[in-house]
Amino acid sequence: MREQYRSESFTEDSLAADPMQQFARWFRQVAAGGMLHEPNAMVVSTATPEGVPSSRTVLLKMYDERGFVFFTNYESRKGRELAANPRVSLLFPWHPLARQVIVTGTAARVGREETAAYFRTRPHGSQLGAWASAQSTVIGSRDELVRRYEELAARYPEGEQIPAPPHWGGFRVVPRTIEFWQGHENRLHDRLRYVREAGAGAESGDGSGAWRVERLCP
């Protein structure tokens, strides 16, 4: 199985000055094109302190100059791994456009107010699901999970406010590098990577700092 990618050129002079601005530009194009189901889907890769990796698909919920935000159960596998080793990688696989965005950085929990504000925007069923599922733990059967959900639905009927679970919340990934990958014919792909300059806010966690751009061989 092989496919020749036919795309427009992607050069340094076309880049935004800041990688989050460049991400916003590509994300708007992907979302507006209607070619992808859930264009905010990303592969989140974490690792234990011993270096054992794991990956899963998660939905990006917010992004701004500070980084990328997703929400999860803090007691899940990814939550526990990020607590022990905050280094993380994100991959946005936008294959229909022959594009990828690869992020490396560090993750930290967002504040409880930010988590609660987002939790209130979730559908009622998703709020119940966050309470019903002890994510990543072994469960005897689907019936058991459904029973937990139904008990919660009886306790919190539609229209009643559900508190955000204390074990559930957001992570903000502060990027250290962001690579924009554009596929081309004959494997002559464009790979332009922003790298945060050392000492330029790289460890501050606020997304500040200067960036340099480097081109990678495909």
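This is a predicted model, so every value here is computed, not measured. (Residues numbered from 1 in each chain as written. Predicted model: local features only at pLDDT ≥ 70, side-chain atom pairs only at ≥ 80, totals over all residues. Heavy atoms only, no water.)

Visitor: Would you mind showing me how to read the nonpolar core here?
Guide: For soluble globular proteins, the rule of thumb is that nonpolar side chains tend to be buried together. By size, the foremost hydrophobic cluster in this structure holds 30 residues, and its most contacted members are Phe23, Phe68, Leu90, Phe92 and Val101. Listed by contribution, the elements that provide at least two residues to this core are α1 (19-33), β1 (41-47), β4 (67-73), β5 (87-94), β6 (99-109), β7 (168-182) and β8 (190-196). Take this core: its biggest share by element is 5 residues, from α1. With sequence-adjacent residues up to four places away left out, Phe23 is seen in contact with Leu60, Tyr63, Phe68, Phe92, Trp94, Val101 and Phe180. Of all hydrophobic cores here, the second largest spans 12 residues; its members include Phe71, Tyr118, Phe119 and Ala132. (Core = buried A, V, L, I, M, F, W, Y, C linked by side-chain atoms within 4.5 Å. Buried < 20%, exposed > 50% of the residue type's maximum accessible area, 1.4 Å probe, protein only. Helix = DSSP H or I, 4+ residues; strand = E, 2+ residues; numbered from the N terminus. Contact = heavy atoms within 4.5 Å.)

Visitor: Would you mind showing me how to read unusual backbone geometry here?
Guide: Negative phi characterises most residues that are not glycine, and trans characterises most peptide bonds. A positive phi is found at Ala98, a non-glycine position, where the angle reads about 55°. In this structure, Ala98 sits in the loop between β5 and β6. One non-glycine residue, Ser136, lies in positive phi territory at about 80°. Examined against the element boundaries, Ser136 turns out to sit in the loop between α4 (124-132) and α5 (142-155).

Visitor: Just checking my understanding: could you explain the environment of Phe68 for this structure?
Guide: In this fold, Phe68 is placed in strand β4. Sequence-wise, Phe68 and Gly209 are 141 residues apart; in three dimensions their C-alpha atoms are separated by 16 Å.

Visitor: Help me understand the side chain of Lys78 in this model?
Guide: Along the chain, Lys78 falls in helix α2 (residues 77-84). Comment: no salt bridge for buried Lys78; closest opposite-charge side chain is Glu81, at 9.5 Å. Among the polar contacts listed, one links the side chain of Lys78 to the side chain of Thr72, at a separation of 2.9 Å. (Lys, Arg positive; Asp, Glu negative; His and termini not counted. Salt bridge = Lys/Arg side-chain N within 4 Å of Asp/Glu carboxyl O. Polar contact = N/O pair within 3.5 Å; in protein donor to acceptor, adjacent residues only side chain to side chain.)

Visitor: What is the right way to look at the pattern of salt bridges in this model?
Guide: Pairing between side chains becomes possible if they bear opposite charge and their charged atoms approach one another. Going through the model one piece at a time under the given rule, you end up with 10 salt bridges. Ionic pairing is found between Arg193 and Glu214, a salt bridge with its closest N-O pair at 2.5 Å. With a gap of 21 residues between them, Arg193 in strand β8 and Glu214 in strand β9 (residues 211-216) connect regions that are remote in the sequence. The exposure class assigned to Arg193 is partly exposed, which follows from its relative accessible area of 25%. For Glu214, a relative accessible area of 21% puts it in the partly exposed group. Note that Glu197 is salt-bridged to Arg212, the shortest N-O span being 3.5 Å. On the criterion of sequence distance, the pair formed by Glu197 in the loop between β8 and β9 and Arg212 in strand β9 is long-range, its members being 15 residues apart. Residues participating in the shared-partner salt-bridge network are Arg193, Glu197, Arg212 and Glu214.

Visitor: Can you help me understand the pairing of β6 in this one?
Guide: Within a regular beta strand, the side chains point alternately toward one face of the sheet and then the other, so they alternate between its two faces. Where β5 meets β6, 8 bridges bridge the pair, whose relative direction is antiparallel. The residue of β6 that forms the bridge with Pro93 is Gln100. Turn length for the β5-β6 hairpin, with the two strands adjacent in sequence and antiparallel, is 4 residues, and the turn residue Ala98 shows positive phi of about 55°. (Pairing = 2+ DSSP bridges.)

Visitor: Would you mind going over the packing of α4 against α5 with me for this structure?
Guide: The interhelical angle for the contact between α4 and α5, taken along N-to-C directions, is 120°, at an axis separation of 9 Å. One way to sum up the angle between α4 and α5 is to call them oblique. Every pair of crossing elements has a handedness; the one defined by α4 and α5 is right-handed. Note on element contacts: α5 touches α4 through Leu145, Arg148, Tyr149, Leu152 and Ala153, opposite Gly125, Leu128, Gly129, Trp131 and Ala132. (Axes fitted to C-alpha atoms, helices over the stretch in contact; angles between N-to-C directions. Parallel < 35°, antiparallel > 145°, perpendicular 65-115°, else oblique. Left-handed = near helix turned anticlockwise from the far one by under 90°.)

None of the figures reported here should be taken as evidence of function without further support.
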